Amino acid sequence: MFCLSDSDRFFLYPYPTDMRKSFYSLSGIVTEKMGKDVQEGDAFIFINKSLTNMKILHAEYGGLVIYNMRLENGTFRLSDIDREDSSASLSINWSELTLIVHGISPSEAKRAPRWTPKKQ
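Remember, it's a predicted structure, so these values are computed and weren't measured experimentally.

A description of the overall build of the chain should follow, citing residues and the corresponding values.
Along the chain, the regular secondary structure elements total two helices and five strands. Ordered by position from the N terminus, the helices and strands of the chain form the series β-α-β-β-β-β-α. Counting over 120 residues, the chain shows a buried share of 32%. Within the chain, residue pairs in contact and separated by at least 24 positions form 57% of the contacts whose partners lie at least 6 positions apart. Here the chain displays about 8400 Å² of accessible surface, and carbon together with sulfur accounts for 50% of that area.

Following this line, the structure appears as structure tokens:
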């Protein structure tokens, strides 16, 4: 069952990750390099160097879950990452994750203007 939604917090690890890593190794990256706690229920996103494989580590009721997506064609499109920034994780929201999974770069996506009522 897929238990991720827009009410969760998502953190992208901005460096390439070896996709052979599993529960314990990815949890170690979250704890040691990202400075977060896996058991808080946040989702942690890891992408390989060639941008063709994504793993999401998430603590759910009863244990850890890894969601794995491997692209047959193309690559994931990520937002521009500031390589000068020394932070070990980037907070992204549900809509940005959805854009990445669908192959749309969040930095290139433009939101349509919305109608707002005139103030009287």
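Mind laying out the pairing of strand S4 (residues 63-70), listing which residues take part and the relevant values?
Inspection of the sheet shows strand S3 (residues 53-60) paired to S4 by eight bridges, in the antiparallel sense. Along S4, the bridge assignment pairs Ala 59 with Leu 64. The turn linking S3 back onto S4 is made up of two residues, and Gly 62 within it adopts a positive phi angle of 100°.

With reference to specific residues and values, describe the pairing of S3.
Taken residue by residue, a regular strand's side chains alternate between the two faces of the sheet. S3 sits mainly inside the fold: seven of its eight residues count as buried. Relative to S3, strand S2 (residues 43-47) runs antiparallel, the two sharing five bridges. Each residue of the ladder has a partner; that of Phe 46, found in S3, is Lys 55. Linking S2 to S3, which pair antiparallel, is a turn of five residues; within it Leu 51 sits at a positive phi near 60°.

Conventions we followed
Residues numbered from 1 in each chain as written. Predicted model: local features only at pLDDT ≥ 70, side-chain atom pairs only at ≥ 80, totals over all residues. Heavy atoms only, no water. Helix = DSSP H or I, 4+ residues; strand = E, 2+ residues; numbered from the N terminus. Buried < 20%, exposed > 50% of the residue type's maximum accessible area, 1.4 Å probe, protein only. Contact = heavy atoms within 4.5 Å. Areas by Shrake-Rupley, 256 points an atom, 1.4 Å probe, with all protein chains shown as cover. Pairing = 2+ DSSP bridges.

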